[in-house]
Amino acid sequence: MEAGKKRLATLVGCNYAHTRHELSGCINDVHAMRDVLVSRFGFAPDDVVLLTDAPGSVVLPTGANIRGALAAMIGRAELGDVLFFHYSGHGTLIPPVRPHHGWHKPDEAIVPCDFNLITDVDFRQLVDRVPRGASFTIVSDSCHSGGLIDKEKEQIGPSTIAAGSSAAVRKARAMPFESVLSHLASLSGIDSLHVGDHLVELFGAEASARFSNGGKHPMPVSLGHDDGILLSGCQANETSADMSPFEAGGKAYGAFTNAVQVVLFEKEGAVSNKELVMGVRKVLREQGLSQHPCLYCSDENADAPFLWPPPHHQQLRACM
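Rules behind the numbers
- Residues numbered from 1 in each chain as written.
- Predicted model: local features only at pLDDT ≥ 70, side-chain atom pairs only at ≥ 80, totals over all residues.
- Heavy atoms only, no water.
- Buried < 20%, exposed > 50% of the residue type's maximum accessible area, 1.4 Å probe, protein only.
- Helix = DSSP H or I, 4+ residues; strand = E, 2+ residues; numbered from the N terminus.
- Pairing = 2+ DSSP bridges.
- pLDDT = per-residue confidence, 0-100.
- Contact = heavy atoms within 4.5 Å.
- Disulfide = S-S within 2.5 Å.
- Phe/Tyr/Trp six-rings, centres within 6.5 Å; stacked < 30°, edge-to-face > 60°.
- Lys NZ or Arg CZ within 6 Å of the ring centre and 35° of its normal.
- Axes fitted to C-alpha atoms, helices over the stretch in contact; angles between N-to-C directions.
- 1 Å grid on protein atoms, 1.4 Å probe; cavity = no way out; pocket = protein on both sides within 12 Å on 5 of 7 lines; lining within 4 Å.
- Points joined across faces, edges and corners; volume = space filled by probe spheres on them.
- Nonpolar A, V, L, I, M, F, W, Y, C, P; charged D, E, K, R; others polar.
- Parallel < 35°, antiparallel > 145°, perpendicular 65-115°, else oblique.
- Left-handed = near helix turned anticlockwise from the far one by under 90°.
- Core = buried A, V, L, I, M, F, W, Y, C linked by side-chain atoms within 4.5 Å.

A. Main features of the pairing of strand β1 (residues 7-13). Burial of β1 is extensive: 7 of the 7 residues sit out of reach of the surface. Burial along β1 is two-sided: the residues R7, A9, L11 and G13 and L8, T10 and V12 are all buried. Pairing between β1 and strand β3 (residues 82-88): 7 bridges, direction parallel. If you follow T10 over to β3, its bridge partner there is F85. Here β1 runs beside strand β2 (residues 48-52); their pairing, made up of 5 bridges, is parallel. Counterpart to G13 in the pairing with β2 is T52.

B. Just the confidence of the model for the chain, in detail. Looking at the chain as a whole, its pLDDT mean stands at 87, while 83% of the residues score no less than 70. In this model residues 161-169 is a low-confidence stretch, pLDDT under 50, and it forms 16 contacts with partners more than four residues away in sequence or in other chains.

C. Highlighting the side chain of T119. By the element assignment, T119 lies in strand β6 (residues 118-119). Not counting the four nearest positions on each side in its chain, T119 is found in contact with I94, E108, A109, L148, S208, R210 and F211.

D. The state of the cysteines, seen in detail. Applying the stated rule across the entire model yields 0 disulfides. C26 takes part in no disulfide bond, and the closest cysteine sulfur, belonging to C14, lies 7.2 Å away. On the accessibility criterion, C26 (0% relative accessible area) is buried. Residue C294 stays outside any disulfide, its sulfur separated by 7.1 Å from that of C234, the closest cysteine.

E. Spatial organisation of the sheet that holds strand β9 (residues 171-172). Ordered in space as β9-β11-β12, the 3 strands form an open sheet in which the pairing is antiparallel. Edge positions in the sheet fall to β9 and β12 (253-254), since each has one partner strand and no second.

F. Examining the packing of aromatic side chains more closely. One pass over the full model with this rule turns up 4 aromatic pairs. Feature note: the residues F41, F84, F306 and W308 constitute an aromatic cluster, connected by ring pairs. A cation sits over an aromatic face here: R7 above W308, 4.9 Å from the ring centre.

G. How the structure looks around the sheet that holds β2. Spatially, 7 strands are ordered β2-β1-β3-β7-β10-β13-β8 in an open sheet, and the strand pairing comes out mixed. On the outer flanks of this sheet lie β2 and β8 (154-156), each paired with one strand and no other. Across the sheet, the mean angle separating the axes of adjacent strands is 15° when strand polarity is ignored. Sheet topology note: the β8/strand β13 (residues 294-296) ladder contains 2 bridges and is antiparallel. Bridge pairing in β13 links E154 to Y296. Strand contacts of helix α1 (residues 26-41): β1, β2, β3 and β7 (135-141), with the helix running at about 165° to β1, the strand carrying the most contacts.

H. How the structure looks around the layout of surface pockets. Looking at the largest pocket, its volume works out to about 190 Å³. Partitioned by chemical class, the residues of the lining of the largest pocket number 6 nonpolar, 2 polar and 5 charged.

I. Structural view of the pairing of strand β10 (residues 228-232). Summarising burial for β10: 5 of the 5 residues are buried, a large majority. Of the two faces of β10, the one lined by G228, L230 and S232 and the one lined by I229 and L231 are each fully buried. Bridge analysis of β7 against β10 gives 5 bridges, and the strand direction is parallel. Residue pairing across strands places F136 opposite G228, the latter belonging to β10. With 3 bridges joining them, β10 and β13 adopt antiparallel strand pairing. For L231, the partnering residue across the bridge sits in β13 and is L295.

J. Representation of the packing of helix α4 (residues 177-188) against helix α5 (residues 195-203) within the structure. Running from N to C, α4 and α5 point in directions that differ by 40°, and their axes come no closer than 9 Å. Put simply, α4 runs oblique to α5. Judged by the twist between their axes, the crossing of α4 over α5 is left-handed. Across from F177, L181, L184, A185, L187 and S188 in α4, the residues of α5 making contact are V195, H198, L199, E201, L202 and F203. Tallied by class, the residues present in the contact of α4 with α5 amount to 9 nonpolar, 2 polar and 1 charged.

K. Seen up close, the environment of D47. Mapping D47 onto the fold places it in the loop between α1 and β2. The contacts of D47, once residues within four sequence positions are left out, are R7, L8, A9 and R76.

L. Examining the nonpolar core more closely. In terms of nonpolar packing, the biggest core is built from 45 residues, with F85, F123, F136 and V195 touching the most fellow members. The greatest single-element share of this core, amounting to 5 residues, is contributed by helix α2 (residues 63-76). Apart from residues no more than four positions distant in its own chain, F123 is found in contact with L70, F85, I110, I118, I138, L148 and I149. V36, V260, V280 and L284 belong to the second largest nonpolar core, which has 35 residues in total.

And the structure:
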């Protein structure tokens, strides 16, 4: 493939089988998304990395393995490349337990199978490493996923006015923070209310960068460019639905992931990131679900086609 034209993906599905946090549709989600990437968006099968906790998986979706796969993907990226990360699994909100250190709002995080949390700060750092002129799209079908890229601009989110919807009872892809803390404390043996203490004790340098400086929130950085794009399954204060086999006609799936596929199936040709998220909101509303998917990215990327090369990469190439 021509340099600068690569399409690379990392897909993660965590079902947490045989635990009290078990979900049903996350692994199905990533297999379905892989098919969409290959058939519609031209991803080569060998460039789509799957990490799941299915029985017999050789490489599990631990925090370290997910970070490693994303780092390797970004390390291959060049001008004009399209990078994609899909996550289906539990999400959680980390409360501001140390507000005197400048940490005043909850931090969004995903929950890998080993509970080594990956936070919005980690995703911010990953986005900042993407080469100028490449794009990095994140689709997170997890609870509290709005704002999963720290300091990313809201395009469609809590401030967006949307028609009301009736709530449907489904299993939420949310793991209460208290459950995360209790599990980690049982493993670390440390008597502390600060999740970072347990993560650092258990995972050392592989723990989230959010906790690498004694619990102080990393200082904001000045971004020279920002080609991070987040499509979240819900707002930061909401949950994302995991549809059970009984509700889904025999096959479990994430409501958000399924709605993304529905919109893409109904629309031929390019679909902008903004059009996709608004279409997904409509599908979920018609299904009686109360979650509100969000879009976080630059103004330029809001109108850019979903999973197509960045609109400005040709201009950058011409200047080289």
